[in-house]
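Observations on chain architecture
Here is how the chains run, residue by residue.
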Amino acid sequence: TQQLGIDPFLGNGLTDTPFTGEDVFFWGVIDWQFRFQRPQQLALGFQKRGHRVFYISSELVDDKEPGFQVEAIPDYPNLFQIRLHAVAAPPIYENKAHGKLLNQLQQGLAYLLHCAGTTNAISVVQHPFWLPLARCLPTSHMAYDCMDHHEGFGNCPPEVIAAERALMRESDTLIVTSDWLYNIAKDKNANISIVRNACEFKHFNEVPASVFQDVRNRKIIGYFGAIANWFDCSLIEQLASALPDCLILLIGHDTCGAGKKFSRFDNIQLLGEVPYQTLPYYLHAFDICILPFQIINLTLATNPVKVYEYMCSGKPIVSVKLPELANMDKFVYLADNGQQFIEHCKTALSESNDSVVRKERIDFASEQTWVHRAQEFELALEKSSRPLVSIVVVTYNNLDLTKLCLASIDAETSGVRYEIIIVDNASTDGSPSYLENFALNRLDVKLILNQDNSGFSKANNQGLAAAQGDYLVVLNNDTVVTRGWASSLIRHCRKDSTIGLIGPVTNNIGNEAKIHIEYESLDDMPSKAREYTLAHLGETFDINTLAFFCVMITRKAYEQVGNLDEAFGLGFFEDDDYCRRIEQAGYRLVCADDVFVHHNLSASFNKLGQERKQELFTRNKAIYEAKWGKWLPHSYRV
């Protein structure tokens, strides 16, 4: 492990080594160097499919400064373990990422994204602790890889259970490993798929040069895996008594005091944890393999990795009757009770070494690899339906600005489905002809050409009425959006259902959404915007009034609040008015500090002339104050 700053980090091959797919961020439930399991195997599966993979370790580094340590995984280009800095490095299993801890982790993540140059990502969350970080990863598809039923552990803190439920709801894709988990979670997310566990076939199939030998040359009943509170110690005791001439060889970390319970048996041997690389040395010495679990909620939800690993050897397998093994009854002896388990073991011990079923087990296992599962995972992401965003753009002349705006929508709107609804207010600069060509043969573009200038509110209402989206955007034609703008705004809305209206920060507006940012041209803007938004990753603030150069309205809030008030005519105060109505309906107004949209400011209004603009301002201010009382001028952030 090496702690690296920006320059050596970039020079370490992190951005220079070629890769073909999106970056994949695995928000780990264990450290890479811990027992080799599904998290590491899936990460390797994605790496082998051409992705650059960042495996975020469950182990935090005690450091008061935001940042991270990076470890290149040997023999696997483009695969890195990341350990984020956190004061006191609290364990993720008992804590919630919030407050100062979350802020430090967000800054560390922003630094990583900056150094790595990540633009598009798949975010695979494997523990609820990471949800607040994963949800602020820009331009990413967030999947929850639900491997376990956390409530089934019995000692899971309530905040972790609550975070898992939120993770199930908010994920773009919910992946579960078993039918049991699917039935629990299917009502929580429409985009749910089963991606079961698997095996590293070659590793477990090849017979090592030497294998374990019992000094007394007994037949070996073998198990490897965790020996924890779900392990059925009493079943092992029954088995040891029933088959005294066999050695029961148990390999794995004992956290339930099994060693003490088995001390009276001379035919039970516990070896403790052994390296993953040496497991075949023991597996190919087993005469039969066993899965002696208790039947509890935790194991009912489990798709056991070890059954796939056992099958690579072709050896007979005896297991308690778990739901996930029901469709493997051709390959696995399944027992309803302890006595049947013992009888199955006796039968399995007499199975011929050249039996047909041994080859069938191996053939089955060869099709259940982690590369297969990574492919299934990607297919699940691809088939997931994404939210539809309806982007309403009202145009009135300023064709050059309109072209820039529409081009930026098509180039930078990622991670969502979108439709563009253009309402032209009788432009006279060639806009209608251009817009007709733009909309030609595009099912995702709707064009409304007005015969006269109906004003900002009415034109937007026309667009909103035609919108089919889950989220509705009012976007001025003098704007240029940046990468992932819409998906980031949606992520904030999904996090907090009280948000009714949300907008970005910008370079040019008359309220708190304006930030200090400098760029000489639109060519320089994206990099400067990314610099700012990464520095404010995940940050939002409540705002008194959102200016309607760019706002997103949730479908629920829109259906409750309705259209913009057309009494405001050509414009001014319709946005103030709508904000008051959103508040009146019980929703929050929020500005996202991690989303930036360039704004030219009042490009259409400036063509009206100062006198006409002042007249509109005075008239509409009176309308606003008649409804809401004295208008308070907007202000900037201090």
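Because the structure is a prediction, the values reported are computed rather than measured. (Residues numbered from 1 in each chain as written. Predicted model: local features only at pLDDT ≥ 70, side-chain atom pairs only at ≥ 80, totals over all residues. Heavy atoms only, no water.)

It is worth spelling out the overall build of the chain at this point. Across its full length, the chain carries 23 helices and 24 strands. Seen through its principal axes, the chain has C-alpha atoms that stretch 105 × 45 × 45 Å. Within the chain, the proportion of its 638 residues that are buried is 58%. Restricting to contacts in the chain with at least 6 residues of sequence separation, those with at least 24 account for 76%. Taken as a whole, the chain presents about 26300 Å² of accessible surface, with 49% of it coming from carbon and sulfur. Here the chain holds 58 positive side-chain charges and 77 negative ones, and the gap between their average locations is 4 Å. (Helix = DSSP H or I, 4+ residues; strand = E, 2+ residues; numbered from the N terminus. Buried < 20%, exposed > 50% of the residue type's maximum accessible area, 1.4 Å probe, protein only. Contact = heavy atoms within 4.5 Å. Areas by Shrake-Rupley, 256 points an atom, 1.4 Å probe, with all protein chains shown as cover. Lys, Arg positive; Asp, Glu negative; His and termini not counted. Charge placed at Lys NZ, Arg CZ, Asp CG, Glu CD.)

The subject of this paragraph is the pairing of strand E16 (residues 388-395). With eight of eight residues buried, E16 lies mostly within the body of the structure. Where burial is concerned, the two faces of E16 agree: the one with Leu388, Ser390, Val392 and Val394 and the one with Val389, Ile391, Val393 and Thr395 are both buried. The pairing of E16 with strand E17 (residues 417-425) spans eight bridges and is parallel. Across the sheet, residue Thr395 finds its bridge partner in E17, namely Asp424. After leaving E16, the chain enters helix H16 (residues 399-412) and then returns to the sheet as E17, a path that is right-handed. (Pairing = 2+ DSSP bridges. Right-handed = clockwise from strand over helix to strand, strands pointing away.)

With that out of the way, let us pick up the sheet that holds strand E14 (residues 317-320). Strands sit in the order E12-E11-E10-E13-E14-E15 across an open sheet of six strands; the sheet is parallel. Strands at the two margins of the open sheet, each flanked by one partner only, are strand E12 (268-272) and strand E15 (332-335). Between one strand and the next, the sheet's axes are offset by a mean angle of 25 degrees, whatever the strand orientation. Of the strand pairs in this sheet, strand E10 (residues 219-224) and strand E11 (residues 246-251) are connected by six bridges, and their pairing is parallel. Along E11, the bridge assignment pairs Ile221 with Ile248. (Axes fitted to C-alpha atoms, helices over the stretch in contact; angles between N-to-C directions.)

Attention now goes to the packing of aromatic side chains. Under the counting rule described, the total for this entry stands at 28 aromatic pairs. Between Phe224 and Tyr310, the ring centres sit 5.1 Å apart and the planes meet at 75 degrees, which makes this aromatic pair edge-to-face. Placement of Phe224 in strand E10 and of Tyr310 in helix H12 (residues 305-311) is noted, with a sequence separation of 86 residues between them. On the basis of relative accessible area, Phe224 is assigned to the buried category, the value being 3%. Residue Tyr310 is classed as buried on the basis of its relative accessible area of 0%. Put simply, the rings of Trp32, Phe36, Tyr55, Phe204, Phe224, Tyr276, Phe286 and Tyr310 pair up and form one aromatic cluster. The ring of Tyr308 has Arg373 lying over it, and the distance from NZ or CZ to the ring centre is 5.7 Å. (Phe/Tyr/Trp six-rings, centres within 6.5 Å; stacked < 30°, edge-to-face > 60°. Lys NZ or Arg CZ within 6 Å of the ring centre and 35° of its normal.)

As a further point, take the pattern of salt bridges. Overall, the coordinates contain 31 salt bridges when judged by the stated rule. Arg483 is paired through a salt bridge with Glu412; the nearest N and O atoms lie 3.9 Å apart. Taken together, the positions of Arg483 in the loop between strand E20 (479-481) and helix H19 (485-495) and Glu412 in helix H16 put the pair 71 residues apart, joining distant regions of the chain. Overall, the relative accessible area of 35% leaves Arg483 in the partly exposed class. The class for Glu412 is partly exposed, based on a relative accessible area of 23%. One salt bridge connects Asp542 with Arg588, and the closest N-O pair in it is separated by 2.8 Å. Here the residue Asp542 occupies a position in strand E22 (residues 540-542), and Arg588 occupies one in strand E24 (residues 588-599), the gap between them amounting to 46 residues. The partly exposed category is assigned to Arg588, whose relative accessible area is 27%. Taken together, the shared-partner salt bridges connect Asp565, Asp577, Arg581 and Lys627 into one network. (Salt bridge = Lys/Arg side-chain N within 4 Å of Asp/Glu carboxyl O.)

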